[in-house]
Amino acid sequence: MQNQVLMTASRMKCIHQMIERGMIQCITVPEKKMGKGRVTIRRRTPDLRLEETKQHRHLLKIFDTFSSIQNNTPAYYCGFDPTADSLHLGHMTLLSVLLSLAKNGFPVIALIGGVTAKLGDPEGKDENRVLISHQQLEKNSIALQEQITNIFQRYADKHNIDSSSFSVLNNKEWYSTMTLDQYTDSIASEFKLVDMFQRAVVKSRLEGKDRDMRFTEFVYQTFQSYDWLYLYKHYGCSIQVGGHDQLGNIEDGYDFVWRSLHQLPTLAGVTVPLVVTEDGQKLGKTATNVVWLDQSKASSMSLEQYLAGISRTDLISLSLKLTNHSIAELQNTSQSGILEMILEEIMPLLT
């Protein structure tokens, strides 16, 4: 019993530290202990003195309340669509959350979106995504599975963690056997068009310059929502992690799981701040200075080159998300020293 209490305290400390370090931007949890509905608590502005902010304290309180009604250790998952054959630096902040959770005893799942990538996630896009061939998606899926598995294994070896804490799955596993009737009955029937058209991303695309959106992108949310339900049923995965641009998909998934189970399971959604360029654009695959985790890619800017080109404030913010160094330590370290701290933490996981 005492060991269980100590483990629970250690796990909660892990969550608290991630909130304090700015690794978590917002949390979606049940609105009431046993009632219907959800509430999303946001930390609207980044602040290196997070422990002093009201929003920070609110995040801690709301997550503590949520954790108190958990009956067991929840599993966390984060999805990665294989739209390229490598993840990039922006994904590393998501992986860092999963790695920290696994280090503190939480089961974690990285989900490869072998099917959802065919549809195209509309979040963060003001135009239709470029379609990718089935052959390329399959190649990308295999590459990401290997890349994430290697990162997990290297981290487990470094910190002496049981590698069974990590899982890498592909949603092709459950969609490949799903019939149209099953999709219609179990998934599509749970969504209302009026709600789908009210989504910010849908409205912005249909009211934008091109007034265009593919049907596959429109129904993307239904598939991501079902992923959560499947993982909840089969892996006890009650918490979804995503970049902050995934908040809409996470909230839709939360509502879908609740409707599908006809009860309020102890679910939570957690979003992670995006890594952005100096002009505020998401650092992603379409950025001109993309930093691939596979540094052998010819089109990749090296991690060291990228880090050397960003401001000290951005470097400290990134280090808080990728390393275990404290705010005080980072503020008293030279810019080149912080750069070395990040490289020492990340590079051994990539090579």
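Here's a quick rundown of the structure. Quick caveat, the model's predicted, so the values are computed rather than measured.

### With respect to the side chain of Asn-140
So, point 1. Looking at the element boundaries, Asn-140 is found in helix H5 (residues 134-159).
So, point 2. A polar contact of 3.1 Å, which involves the side chain of Asn-140, links it to the backbone oxygen of Pro-82.
So, point 3. If we skip the residues at most four places from it in the chain, Asn-140 touches Pro-82, Thr-83, Ala-84 and Asp-85.

### A closer look at the pairing of strand E6 (residues 237-243)
So, point 1. In terms of residue burial, E6 counts as a mostly covered element, since seven of its seven residues are buried.
So, point 2. Relative to E6, strand E3 (residues 75-80) is paired through four bridges, and the arrangement is parallel. Residue Ala-75 lies in a different strand from E6, and its bridge partner there is Cys-237.
So, point 3. Looking at chain direction, E6 and strand E7 (residues 268-272) are connected through five bridges and run parallel. Directly across from Gln-240, in E7, lies its bridge partner Gly-269.

### A closer look at unusual backbone geometry
So, point 1. In this structure, Asn-160 is a non-glycine residue whose phi angle is positive, near 55°.
So, point 2. Examined against the element boundaries, Asn-160 turns out to sit in the loop between H5 and strand E5 (166-170).

### Details of the pairing of strand E4 (residues 108-112)
So, point 1. Burial analysis of E4 places five of its five residues in the buried class, which makes it a mostly covered element.
So, point 2. Both faces of E4 are covered, namely the face carrying Val-108, Ala-110 and Ile-112 and the face carrying Ile-109 and Leu-111.
So, point 3. The parallel pair E3 and E4, bridged by helix H3 (residues 89-103), forms a crossover whose chirality is right-handed.
So, point 4. Pairing between E4 and E5: five bridges, direction parallel. Within E5, the position partnered with Ile-109 by the bridge is Ser-167.

### Remarks on H3
So, point 1. Between its first and last C-alpha, H3 extends 21 Å over 15 residues, near the 21 Å set by a 1.5 Å rise per residue.
So, point 2. Here H3 lies mainly inside the structure; 14 of its 15 residues are buried.

Here is what the cut-offs are and how they apply
Residues numbered from 1 in each chain as written. Predicted model: local features only at pLDDT ≥ 70, side-chain atom pairs only at ≥ 80, totals over all residues. Heavy atoms only, no water. Helix = DSSP H or I, 4+ residues; strand = E, 2+ residues; numbered from the N terminus. Polar contact = N/O pair within 3.5 Å; in protein donor to acceptor, adjacent residues only side chain to side chain. Contact = heavy atoms within 4.5 Å. Buried < 20%, exposed > 50% of the residue type's maximum accessible area, 1.4 Å probe, protein only. Pairing = 2+ DSSP bridges. Right-handed = clockwise from strand over helix to strand, strands pointing away. Expected span 1.5 Å × (residues − 1).

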